[in-house]
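Structural overview
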Amino acid sequence: LEDLQNKCKEAQDFKFELDNEKILIKALYGISRTQLSKIENLCTVALQDILQDKTIKFKIKMEETKRGIDTFFYTLSKDGENDIIQSEAGGTKNILSVCLRLIFSEFCKPKVEGPIILDEVGANISAEYQNNFAEFLRQFSEKNNRQIILISHINAVQEKAPQLITIYKHGNESLIMEDK
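Since this is a predicted model, take the numbers as computed values, not measurements.

There is about 850 Å³ of room inside the largest pocket. Ile148, Ile149, Leu150, Ala161 and Gln163 are, among the 23 residues lining the largest pocket, the residues nearest its centre. Of all the secondary-structure elements, those providing two or more residues to the lining of the largest pocket are α3 (127-144), β5 (148-151), α4 (155-159) and β6 (165-170). Tallying contributions element by element places α3 first for the lining of the largest pocket, with five residues. Broken down by class, the residue content of the lining of the largest pocket amounts to 12 nonpolar, seven polar and four charged. If you trace the second largest pocket, you find 18 residues lining it, with Val45, Ala46, Phe136, Phe140 and Lys143 closest to the centre. Elements with a minimum of two residues in the lining of the second largest pocket: α1 (2-51), α2 (90-107) and α3. If one sorts the elements of the lining of the second largest pocket by residue count, α3 sits on top with seven residues. Here the residues of the lining of the second largest pocket sort into 10 nonpolar, four polar and four charged.

Next comes the structure, spelled out in structure tokens:
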């Protein structure tokens, strides 16, 4: 009987811990939902500006599972809901990937200092939106007073750069040419 009472008490203690953990997770989810809303809004504005589509929205969905919390990324538009991870739309994925990296670099604590280096980030964006994407990067850099070092072969992106450095190979040597 004493052994059963001890096991019963252990089970009650365990249940108490689980209940408290669920309360904590829900409280954290409420806080994170507010932060996620800010991220969603910033990404939505960027998508709308770059794609010139005021109907598109970016959403982050979180679902509690037995393993923890699963996170899903979606765009919502007149065409419906689109799962970004499963999607074939490389350009939208590319834009959102850059937006999220820039947002996290600006708003994480402690703040990440120094230049932001982006390598071939616009490669999957269709030519029709590359100029808008380059303008987004230029404005982000100016607004946040952040240097962006961008490696790109895309002319529209290069044209928006305040300074352009071309590195090319001549024989066995790499040569540097400053254009602006």
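Anyway, onward from the coordinates.
This brings us to the packing of aromatic side chains. Going through the model one piece at a time under the given rule, you end up with two aromatic pairs. Relative to Phe73, the ring of Phe58 has its centre 6.1 Å away and its plane inclined at 10 degrees; by these criteria the two rings are stacked. Taken together, the residues Phe58 in strand β1 (residues 57-65) and Phe73 in strand β2 (residues 68-77) connect sequence positions 15 residues apart. The ring of Tyr74 has Lys61 sitting right over it, with the charged end atom 4.7 Å from the ring centre.

Reading the values: rules and limits
Residues numbered from 1 in each chain as written. Predicted model: local features only at pLDDT ≥ 70, side-chain atom pairs only at ≥ 80, totals over all residues. Heavy atoms only, no water. 1 Å grid on protein atoms, 1.4 Å probe; cavity = no way out; pocket = protein on both sides within 12 Å on 5 of 7 lines; lining within 4 Å. Points joined across faces, edges and corners; volume = space filled by probe spheres on them. Helix = DSSP H or I, 4+ residues; strand = E, 2+ residues; numbered from the N terminus. Nonpolar A, V, L, I, M, F, W, Y, C, P; charged D, E, K, R; others polar. Phe/Tyr/Trp six-rings, centres within 6.5 Å; stacked < 30°, edge-to-face > 60°. Lys NZ or Arg CZ within 6 Å of the ring centre and 35° of its normal.

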